[in-house]
Amino acid sequence: MNSKAKYEYIFAIVVVAILLAMAIVNYAYITNHEPNIAQPLNNSEVPAGSTVIDVSGYQWAWTFTYHNGSSSTDYLYVTANHNYTLQVTSKDVIHDLLIPSLGIQVYAVPGHPNQISFEPTKVGKFIFECVEYCGQDHYLMRGYMEVSA
């Protein structure tokens, strides 16, 4: 066996080892992670004690309306260790709300509200954004979720 073939075998073994390690890590994550998938709006499925927040996407911002009637634009205020249900819709075109720190992604579709429930556990300021191209100023559809203690 020449040295070139030897290096090719070593390279192949390293690549297979990396792929195998990545597969094991992904399998462990998938089996130990509970999926949080958005569902069509159904008030009977809102968890007991959950605070409902109405979310409306429009070109090019997000509006959050809270249970007390107040609202905010591009800023979501929540409290740690409390359950929330986002009821998400759109006023114009399809949008897609992504809150990566919580693993939440929910489509905002005109005339087809969706809902998703979550409970933030970390205090801090986290980014959210629209990840469905929705027009010229799509890149402006981002904001912050502030989780307080």
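Summary of the structure given here. (Residues numbered from 1 in each chain as written. Predicted model: local features only at pLDDT ≥ 70, side-chain atom pairs only at ≥ 80, totals over all residues. Heavy atoms only, no water.)

### Quick word on the pattern of salt bridges
For the coordinates displayed, the defined rule picks out one salt bridge. A salt bridge links Arg142 to Glu129, with the nearest nitrogen and oxygen atoms 2.9 Å apart. Placement of the pair is Arg142 in strand β11 (residues 142-148) and Glu129 in strand β10 (residues 124-130), with a sequence separation of 13 residues. (Salt bridge = Lys/Arg side-chain N within 4 Å of Asp/Glu carboxyl O. Helix = DSSP H or I, 4+ residues; strand = E, 2+ residues; numbered from the N terminus.)

### A word on the side chain of His95
Summarising the element assignment, His95 is placed in strand β7 (residues 95-99). In this structure the side chain of His95 is engaged in a polar contact, spanning 2.9 Å, whose partner is the side chain of Asp92. For His95, the residues in contact, after removing those within four places along its chain, are Gly57, Tyr58, Gln59, Trp62, Ser90, Val106, Tyr107, Ala108, Cys130, Glu132, Cys134 and Met141. (Polar contact = N/O pair within 3.5 Å; in protein donor to acceptor, adjacent residues only side chain to side chain. Contact = heavy atoms within 4.5 Å.)

### Remarks on the sheet that holds β11
One open sheet accounts for five strands, arranged β5-β11-β10-β7-β8; its pairing is mixed. The two strands at the open ends of the sheet, each matched to only one other strand, are β5 (75-79) and β8 (104-108). Each strand of the sheet is rotated relative to its neighbour by a mean of 20 degrees, with strand direction disregarded. With five bridges connecting them, β5 and β11 associate as parallel partners. Bridging across to β11, Val78 finds its partner in Val147. (Pairing = 2+ DSSP bridges. Axes fitted to C-alpha atoms, helices over the stretch in contact; angles between N-to-C directions.)

### Some thoughts on the nonpolar core
Ile53, Trp62, Leu76, Leu86 and Met145 are the most contacted members of the largest nonpolar core, which totals 25 residues. Among all residues touching Ile53, those that are not within four sequence positions of it are Phe64, Thr65, Tyr66, Leu76, Val78, Tyr84, Thr85, Leu86 and Gln87. (Core = buried A, V, L, I, M, F, W, Y, C linked by side-chain atoms within 4.5 Å. Buried < 20%, exposed > 50% of the residue type's maximum accessible area, 1.4 Å probe, protein only.)

### Here's the deal with helix α1 (residues 3-32)
Look at α1: 44 Å from first C-alpha to last across 30 residues, which is about the 44 Å you get at 1.5 Å a residue. With a side-chain oxygen positioned 3.2 Å from the backbone nitrogen of Lys4, the residue opening α1 is Asn2. (Expected span 1.5 Å × (residues − 1).)

### A few points about the sheet that holds strand β9 (residues 114-118)
One key point about sheets: their strands pair by backbone hydrogen bonds, in either a parallel or an antiparallel sense. The sheet built from six strands is open, its strands ordered β1-β9-β6-β2-β3-β4 with mixed pairing. Edge positions in the sheet fall to β1 (39-40) and β4 (71-73), since each has one partner strand and no second. Two elements, strand β2 (residues 51-58) and strand β6 (residues 84-90), share seven bridges in a ladder whose sense is parallel. Looking at β6, one finds that Asp54 is bridged to Gln87.

### A look at a nonpolar patch on the surface
Among the surface-exposed residues, Tyr7, Ile10, Phe11, Val14, Val15, Ile18, Leu19 and Met22 lie close enough to one another that they form a single nonpolar patch of about 810 Å² accessible area. For Leu19, the position within the fold is in helix α1. With relative accessibility at 51%, the residue Leu19 sits in the exposed group. (Patch = residues over 30% accessible without salt bridge, like charges linked within 9 Å, V, L, I, M, F, W, Y side chains within 5 Å. Areas by Shrake-Rupley, 256 points an atom, 1.4 Å probe, with all protein chains shown as cover.)

### Here we look at the environment of Thr85
Position of Thr85 among the secondary structure elements: in strand β6. Thr85 sits in the buried class, given a relative accessible area of 0%. For Thr85 and Phe118, which are 33 residues apart along the polypeptide, the C-alpha to C-alpha distance reads 6.5 Å. Filtering out sequence-adjacent residues up to four positions away, Thr85 remains in contact with Val46, Pro47, Ser50, Thr51, Val52, Ile53, Gln115, Ile116 and Ser117. There is a polar contact of 2.7 Å between the side chain of Thr85 and the side chain of Ser117.

Keep in mind these values describe shape, not function.
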